[in-house]
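Chains, contacts and geometry: an overview
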Amino acid sequence: MAVKDRDRFSTATRIRLIGEQTAARVYRSQTKRQARRSRLTGRAALLALVVCSLIVALAYPMRQYVSQRADIADLQQEKSETRQRVEQLRDMKARWQDDAYAEQQVRARLHYVMPGETGYIVIDPGAAEQPRADRGSAARPWYANVWDGVDKSDAAER
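Not measured: the values here are computed from a predicted model.

**A few points about the overall build of the protein chain**
Scanning the protein chain from N- to C-terminus turns up six helices and zero strands. Its helices and strands taken in sequence order, the protein chain reads α-α-α-α-α-α from the N to the C terminus. Taken across its 158 residues, the protein chain has 3% of its residues classed as buried. With an accessible surface of roughly 15,300 Å², the protein chain has 58% of that area assigned to carbon and sulfur atoms.

**Some thoughts on unusual backbone geometry**
Positive phi is not limited to glycine here, since His-111 has a value of about 60°. Here His-111 shows up in the loop between helix H4 (99-110) and helix H5 (125-128).

**Here's the deal with the packing of aromatic side chains**
Per the counting criterion, the structure on display carries two aromatic pairs. Note on Trp-96 and Tyr-101: the rings are 5.4 Å apart at their centroids and 85° apart in plane angle, and the pair reads as edge-to-face. Classification of Trp-96 as partly exposed rests on a relative accessible area of 33%. For Tyr-101, a relative accessible area of 18% puts it in the buried group. Residues Trp-142 and Tyr-143 carry aromatic rings whose centres are separated by 5.9 Å and whose planes lie at 80° to one another, so their mutual orientation is edge-to-face. With respect to burial, Trp-142 and Tyr-143 carry one shared label: exposed.

**Describing helix H3 (residues 42-97)**
Think of an α-helix as turning once every 3.6 residues; residues three or four places apart then point the same way. With 56 residues, H3 should cover 82 Å at 1.5 Å per step; its first-to-last C-alpha distance of 82 Å lies within 8% of that length. The principal kink in H3, of about 35°, is found at Ala-59, preceding the proline Pro-61 by one to four residues.

**Remarks on the side chain of Gln-105**
With respect to the helices and strands, Gln-105 occurs in helix H4. Contacts of Gln-105, omitting those with residues within four sequence positions, involve Trp-96 and Leu-110.

**Some remarks on the pattern of salt bridges**
Charged atoms that come close allow side chains of opposite charge to pair. In total, this model carries four salt bridges according to the counting rule given. Measuring nitrogen to oxygen at the nearest pair gives 3.1 Å for the salt bridge that ties Glu-117 to Arg-107. With Glu-117 in the loop between H4 and H5 and Arg-107 in helix H4, this residue pair connects regions lying ten residues apart in the sequence. Assessed through its relative accessible area of 30%, Arg-107 is described here as partly exposed.

**Focus on a negative patch on the surface**
Taken together, the side chains of Asp-71, Asp-74, Glu-78 and Glu-81 define an acidic patch exposed on the protein surface. Within the secondary structure, Asp-71 sits in helix H3. The class of Asp-71 is partly exposed, set by a relative accessible area of 44%.

**Here's the deal with a nonpolar patch on the surface**
A surface patch of nonpolar side chains, about 810 Å² in accessible area, is lined by Leu-46, Leu-49, Val-50, Leu-54, Leu-58, Met-62, Tyr-65 and Val-66. If you trace the backbone, Tyr-65 turns up in helix H3. Overall, Tyr-65 belongs to the partly exposed group, its relative accessible area being 48%.

**Quick notes on the packing of H3 against H4**
Remark: H3 packs on H4, axes separated minimally by 5 Å, with the N-to-C direction vectors making an angle of 90°. By the angle between their axes, H3 is roughly perpendicular relative to H4. Of the residues in H4, those in contact with Arg-95, Trp-96 and Gln-97 of H3 are Asp-99, Tyr-101, Ala-102, Gln-105 and Arg-109.

The rules we used
Throughout this description, residue numbers start from 1 for each chain and increase along the sequence as written. With the structure being a predicted model, the display of local features is reserved for residues of pLDDT at least 70 and the display and counting of side-chain atom pairs for 80 or more, all residues being used for whole-chain, interface and lining totals. Water and hydrogen atoms play no part in the side-chain values, which are based on all heavy atoms of the structure. Helix numbering and strand numbering both begin at the N terminus, where a helix is a DSSP run of H or I of at least 4 residues and a strand a DSSP run of E of at least 2. Think of it in three bands: with a 1.4 Å probe and only protein chains considered, a residue is buried below 20% of the maximum accessible area for its type, exposed above 50%, and partly exposed in between. To measure how exposed things are, a 1.4 Å probe is used in the Shrake-Rupley method; for residues, cover is taken only from the protein chains shown. Aromatic rings from Phe, Tyr and Trp, taking only the six-membered ring of Trp, are treated as a pair when their centres fall within 6.5 Å; an angle between ring planes under 30 degrees marks them as stacked, one over 60 as edge-to-face, and anything in between as tilted. Expected span, for any helix, means 1.5 Å times one less than how many residues it has. Here the bend at a residue is taken as the angle between two axes, fitted respectively to the seven residues that end there and the seven that start there. In this description, contact between two residues means that some pair of their heavy atoms is separated by no more than 4.5 Å. What counts as a salt bridge is simple: a side-chain nitrogen of Lys or Arg found within 4 Å of a carboxyl oxygen of Asp or Glu. What makes a patch is a set of residues exposed beyond 30% relative accessible area and free of salt bridges, joined within 9 Å when like-charged and within 5 Å when nonpolar (Val, Leu, Ile, Met, Phe, Trp, Tyr). The positive count covers Lys and Arg only, the negative count covers Asp and Glu only, and His and the chain ends enter neither. To locate a charge, take NZ of a lysine, CZ of an arginine, CG of an aspartate or CD of a glutamate. As a rule, the C-alpha atoms of each element are fitted with a line to give its axis, helices using only the stretch in contact, and angles between N-to-C directions run from 0 to 180 degrees. Orientation labels follow simple angle bins: below 35 degrees gives roughly parallel, above 145 gives roughly antiparallel, 65 to 115 gives roughly perpendicular, and whatever is left gives oblique.

None of this, on its own, says anything about what the molecule does.
Structure representation (structure tokens):
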């Protein structure tokens, strides 16, 4: 027994005992750390960083691509509308080449009559009865009419 007691207090035994205790503590802390450790590894973090940088790098070109496609669609729509307008103008030009259509339009728009015909213009009787509100403005100087217009527009804003 004396040998066991002597071994218990020897320096080598104490150092071995301290090492074992330290190793046990380290092992316990490592197992706790592994249990708490997240699933995000270094590789996963690097992959996430690469994906985010690709998204950021491609965001502007994709926006440009989408806006240019929208511009192209708008220009194609404008092109088709312009073609329709050109077709309408060609049809109108062809109609004006016909003498009968030109004569009809001159009679309707300019009130021309052929020799020997009598032209009549029918006036709507309701339109003739409507008096103009500012018939008295012709007797006044022009600057008074301008000033009245300014006063009326100022009153309309209020």
